[in-house]
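One letter stands for each residue in the lines below.
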Amino acid sequence: QVQLVESGGGLVQAGGSLRLSCAASGRTFGTYAMGWFRQAPGKAREFVAAISWSGGATYYADSAKGRFTISRDNAKNTGYLQMNSLKPEDTAVYYCAAVRTTDLVTIATRGGDYWGQGTQVTVSS
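A quick note: this is a predicted structure, and the numbers were derived from the prediction, not measured.

Chemist: Whenever I open this one, the state of the cysteines confuses me. Can you help?
Modeler: By definition, a disulfide links the sulfur atoms of two cysteine residues through a covalent bond. This model, assessed by the stated rule, comprises 1 disulfide. There is a disulfide in this structure between C22 and C96, and the S-S distance comes to 2.0 Å. Judged by the torsion about the S-S bond (60 degrees), the C22/C96 disulfide is right-handed. One end of the pair, C22, is in strand β3 (residues 18-24); the other, C96, is in strand β9 (residues 92-99), and 74 residues separate them in sequence. For the pair shown, C22 and C96 are each scored as buried.

See below:
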């Protein structure tokens, strides 16, 4: 089992930046692809970004492309989502997920095998 804990959320004004972290338990985190998802109140879960087990491949939703950067440090059992140029529509609870797959594009639909508890990101104008 993989346990994930997100952190780094908070309140930021439009145009600002945040870096979310996803701390994973165990020494097998590096064998899982990782994804970030978000969900605003009353809306469905939305895919944001995914990264391969090695960090060598990434995949972004159109809404995140050019503004967000997903990365990971397997030695620290931690994944990251750097969010720049934040917009009010980015406001949501952000979740990280571990996924046992090598096909990143399918993560957008499949979701995760293991999920964190989420961290709130609020962007004000």
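Chemist: Help me out: how do you make sense of the pattern of salt bridges in this one?
Modeler: One side chain can pair with another of opposite charge once the charged atoms of both are near each other. This model, assessed by the stated rule, comprises 5 salt bridges. A salt bridge links R38 to E46; the shortest N-O distance between them is 3.0 Å. Salt-bridge contacts for D113 lead to R110; the nearest nitrogen and oxygen are separated by 2.8 Å. Residues joined in a network through salt bridges with shared partners are R38, E46, R67 and D90.

Chemist: What is the right way to read the nonpolar core from this model?
Modeler: In globular proteins that are soluble, nonpolar side chains generally tend to be buried together. In terms of nonpolar packing, the biggest core is built from 28 residues, with W36, L81, M83 and Y94 touching the most fellow members. Among the elements of the structure, β3, β4 (33-39), β5 (46-51), β7 (68-73), β8 (78-83), β9 and β11 (119-124) are those that each provide at least two residues to this core. The contact partners of L81, leaving out residues within four places of it in the chain, are L18, R19, L20, W36, V48, A49, F68, T69, I70 and Y94. Among the nonpolar cores identified, the runner-up in size contains 9 residues, and F37, A97, V99 and I107 belong to it.

Chemist: What should I look at first to understand the sheet that holds strand β1 (residues 4-7) in this one?
Modeler: Neighbouring strands of a sheet are bound in pairs by backbone hydrogen bonds; such pairs are parallel or else antiparallel. Pairing is antiparallel in the open sheet, where 4 strands are placed in the order β1-β3-β8-β7. Looking along the sheet, the strands with just one partner apiece sit at the ends: β1 and β7. Direction aside, neighbouring strands of the sheet carry axes that sit 15 degrees apart on average. Taken together, the 4 bridges between β1 and β3 define a ladder with antiparallel strand orientation. Within β3, the residue paired with L4 across the bridge is A24.

Conventions and cut-offs
- Residues numbered from 1 in each chain as written.
- Predicted model: local features only at pLDDT ≥ 70, side-chain atom pairs only at ≥ 80, totals over all residues.
- Heavy atoms only, no water.
- Disulfide = S-S within 2.5 Å.
- Helix = DSSP H or I, 4+ residues; strand = E, 2+ residues; numbered from the N terminus.
- Buried < 20%, exposed > 50% of the residue type's maximum accessible area, 1.4 Å probe, protein only.
- Salt bridge = Lys/Arg side-chain N within 4 Å of Asp/Glu carboxyl O.
- Core = buried A, V, L, I, M, F, W, Y, C linked by side-chain atoms within 4.5 Å.
- Contact = heavy atoms within 4.5 Å.
- Pairing = 2+ DSSP bridges.
- Axes fitted to C-alpha atoms, helices over the stretch in contact; angles between N-to-C directions.

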